[in-house]
Amino acid sequence: MQADIPAIWGAVPTLPNSGAEQKYRAWLALSLHANMPCLTKSADLKFAPERFLPGVQAIIMCALPLPVAAHPPAPPGVPSGLVALYARGRDYHRAVGALLRRIIRTLRARYPEAIFRPFCDTLPLSERTYAMQAGLGRPARSGLLANGLYGTHFVLGGLLTTLPFAEAAGDAHSLLDSKPPHICAHCRVCADACPGRSLSTAPDGSCMLDVSRCLAWLSIENKDVIPIQNWVLFGERIFGCDICQDVCPYNAPQLGGSGGIHHALFDSDHAPGAYLPLAEILAIRDDTAFAQRFSGTALMRAKRRGLVRNAIIVTANGRHTSLMSLISDLQRDPDPVIAETARLAASLLRQ
Ligand code: SF4
Ligand code: SF4
């Protein structure tokens, strides 16, 4: 089975997780979660898999490597915005969903009585905690997991199952022999490179991420007007941020980083690729046109409001005055966030 699955997977029994839960609640208490109500509301559920599948006995976690290519140069002469690695092809939730369905089909043929419930950001469970406990990686200072096959370039999904742990783990591909060395203790490269200075270290040595200062949140989940003093954090990034992964030694080939893995699960007709022309984004006039362009990709998460707002910010950051007429039009956009961001950008571009 493993030969035709472009991923690694491991299993963990559904034991109490009080240590991980305490750590999560301590992070919430520090108000580093950008006041996202979903994160406080889900605190009681994050480590309670039995709430989502009565009789659950094990969790199978999968790590799907992202298609990684050498960082491409920006297209010459075309003002463009950079897209985070994970969002350059098909929406990874769909790719992981396809992978999980393949695993379920295989396991169901062997264990017809077992019940499976797949999840990939669809349940409030702590995917990272369970993946770590299943042996798929160790926690890195960047807040991500790192393993010896893919570095930090992978995404997670899982299956709740009524299969006993021993059977669920029977086919699991343990990474215990290929764990990378623990190098974060003597490294701060990601924390120092982070534009928002959003990575810090808890007294126990674990990572603490200030979500409100992280560009991955600011550029995607946040849908408000971004204060102009924070525009510098974006640089040329129009959707997400990879800086803490780009600089991380875990992703260097000699440590097992995944440079060069490609697979069809991420193929998409609507794939944005690494760079999007800013003029194309600024010219998207409504939600329908936005969905036609980006359906099936992770960029849908930002919605038109977020992506056009980000394109305006990147236009101003790059002083792309050739796009001034598009920015001027957007000052009259029916979306108040886009219109206000365009007004701020126009005043900057005129200076
Ligand atoms: S950059 Fe250094 S400190 Fe940060 S996750 Fe990678 S190895 Fe750890
Ligand atoms: S994604 Fe970017 S902003 Fe967020 S922690 Fe990493 S480097 Fe910092």
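Going by the structure above, here's the rest.
Residues numbered from 1 in each chain as written. Chains lettered and ligands numbered in written order. Predicted model: local features only at pLDDT ≥ 70, side-chain atom pairs only at ≥ 80, totals over all residues. Heavy atoms only, no water.

Caption draft 1: Local environment of the environment of Leu-53. Structurally, Leu-53 is set in the loop between helix H2 (37-41) and strand S2 (58-65). The exposure class assigned to Leu-53 is buried, which follows from its relative accessible area of 8%. Sequence-wise, Leu-53 and Arg-25 are 28 residues apart; in three dimensions their C-alpha atoms are separated by 23 Å. Those residues in contact with Leu-53 that lie beyond four places of it in its chain are Ile-115, Leu-160, Thr-161 and Thr-162. (Helix = DSSP H or I, 4+ residues; strand = E, 2+ residues; numbered from the N terminus. Buried < 20%, exposed > 50% of the residue type's maximum accessible area, 1.4 Å probe, protein only. Contact = heavy atoms within 4.5 Å.)

Caption draft 2: Layout of the side chain of Ser-198. If you trace the backbone, Ser-198 turns up in the loop between helix H6 (189-193) and strand S8 (199-201). Those residues in contact with Ser-198 that lie beyond four places of it in its chain are Met-208, Leu-209, Asp-210, Arg-213 and Cys-214.

Caption draft 3: Focus on the sheet that holds strand S10 (residues 237-239). Judged by pairing direction, the sheet is mixed, and its three strands sit side by side in the order S10-S3-S11 without closing on themselves. Taken across any chain shown, the strands that pair with only one partner, and hence form the sheet edges, are S10 and strand S11 (275-277). Geometrically, the sheet is characterised by an average inter-axis angle of 45 degrees between neighbouring strands, direction not taken into account. Pairing of strand S3 (residues 80-83) with S11, which is carried by three bridges, proceeds in the antiparallel orientation. Pairing of Ser-80 across the sheet is with Pro-277, part of S11. On top of the sheet, helix H11 (residues 303-317) reaches S3 and S10; it is set at about 180 degrees to S10, its chief contact. (Pairing = 2+ DSSP bridges. Axes fitted to C-alpha atoms, helices over the stretch in contact; angles between N-to-C directions.)

Caption draft 4: Region of interest: the site of ligand 1. Taken together, Ala-140, Arg-141, Ser-142, Ile-183, Cys-184, Cys-187, Val-189, Cys-190, Cys-248, Pro-249 and Tyr-250 make up all the residues around ligand 1. Its residues assigned to classes, the shell around ligand 1 shows nine nonpolar, one polar and one charged. (Near = heavy atom within 4 Å. Nonpolar A, V, L, I, M, F, W, Y, C, P; charged D, E, K, R; others polar.)

Caption draft 5: Main features of the nonpolar core. In terms of nonpolar packing, the biggest core is built from 73 residues, with Met-61, Leu-160, Phe-239, Ile-281 and Ile-312 touching the most fellow members. Residue contributions to this core peak at seven residues, all from H11. The contact partners of Met-61, leaving out residues within four places of it in the chain, are Ile-8, Trp-9, Gly-10, Phe-119, Glu-127, Tyr-130, Ala-131, Ala-134, Leu-136, Leu-156, Gly-157 and Gly-158. (Core = buried A, V, L, I, M, F, W, Y, C linked by side-chain atoms within 4.5 Å.)

Caption draft 6: Geometry of the pairing of S3. Alternating residues of S3 divide into Ser-80 and Leu-82 and Gly-81 and Val-83, and every residue in both groups is buried. By the bridge criterion, two bridges tie S3 to S10 in an arrangement that is parallel. Bridging from a neighbouring strand, Val-83 pairs with Phe-239 of S10.

Caption draft 7: Broad picture of the environment of Thr-201. Position of Thr-201 relative to the elements: it lies in strand S8. Distance from Thr-201 to Pro-76, taken between C-alpha atoms, is 39 Å for residues 125 residues apart in sequence. Excluding residues that lie within four positions of it along the chain, Thr-201 makes contacts with Arg-141, Ser-206 and Met-208. Engagement of the side chain of Thr-201 in a polar contact is seen with the side chain of Arg-141, the distance being 2.6 Å. (Polar contact = N/O pair within 3.5 Å; in protein donor to acceptor, adjacent residues only side chain to side chain.)

Caption draft 8: Quick look at the sheet that holds strand S7 (residues 154-161). Taken in spatial order, the four strands of this open sheet run S1-S2-S7-S4, and their pairing is antiparallel. Either end of the sheet is taken by a strand with one partner, and the two such strands are strand S1 (8-13) and strand S4 (116-119). This sheet shows a mean twist of 20 degrees between the axes of neighbouring strands, independent of strand direction. Examined bridge by bridge, S2 and S7 share eight bridges and lie antiparallel to one another. From the neighbouring strand, Ala-58 faces S7, where its bridge partner is Thr-161. Together, S1, S2, S4 and S7 form the strand contacts of helix H3 (residues 92-110), whose direction differs from that of S7 by roughly 40 degrees.

Caption draft 9: Focus on the site of ligand 2. Every residue close to ligand 2 is listed here: Cys-194, Pro-195, Ser-198, Leu-199, Leu-209, Cys-214, Leu-215, Cys-241, Ile-243 and Cys-244. Grouping the constituent residues of the shell around ligand 2 by class yields nine nonpolar, one polar and no charged.

Caption draft 10: Broad picture of the packing of H11 against helix H13 (residues 336-350). For the pair H11 and H13, the least separation of the axes is 9 Å and the interaxial angle reads 5 degrees. By the angle between their directions, the pair H11 and H13 is classed as roughly parallel. The segment H11 lies against H13, with Arg-304, Arg-305, Val-308, Arg-309, Ile-312, Ile-313, Thr-315 and Ala-316 engaging Pro-336, Val-337, Ile-338, Thr-341, Ala-342, Ala-345, Leu-348 and Leu-349. In terms of residue class, the contact of H11 with H13 is built from 11 nonpolar, two polar and three charged. (Parallel < 35°, antiparallel > 145°, perpendicular 65-115°, else oblique.)

So far we have only geometry, and geometry alone does not tell us how the molecule works.
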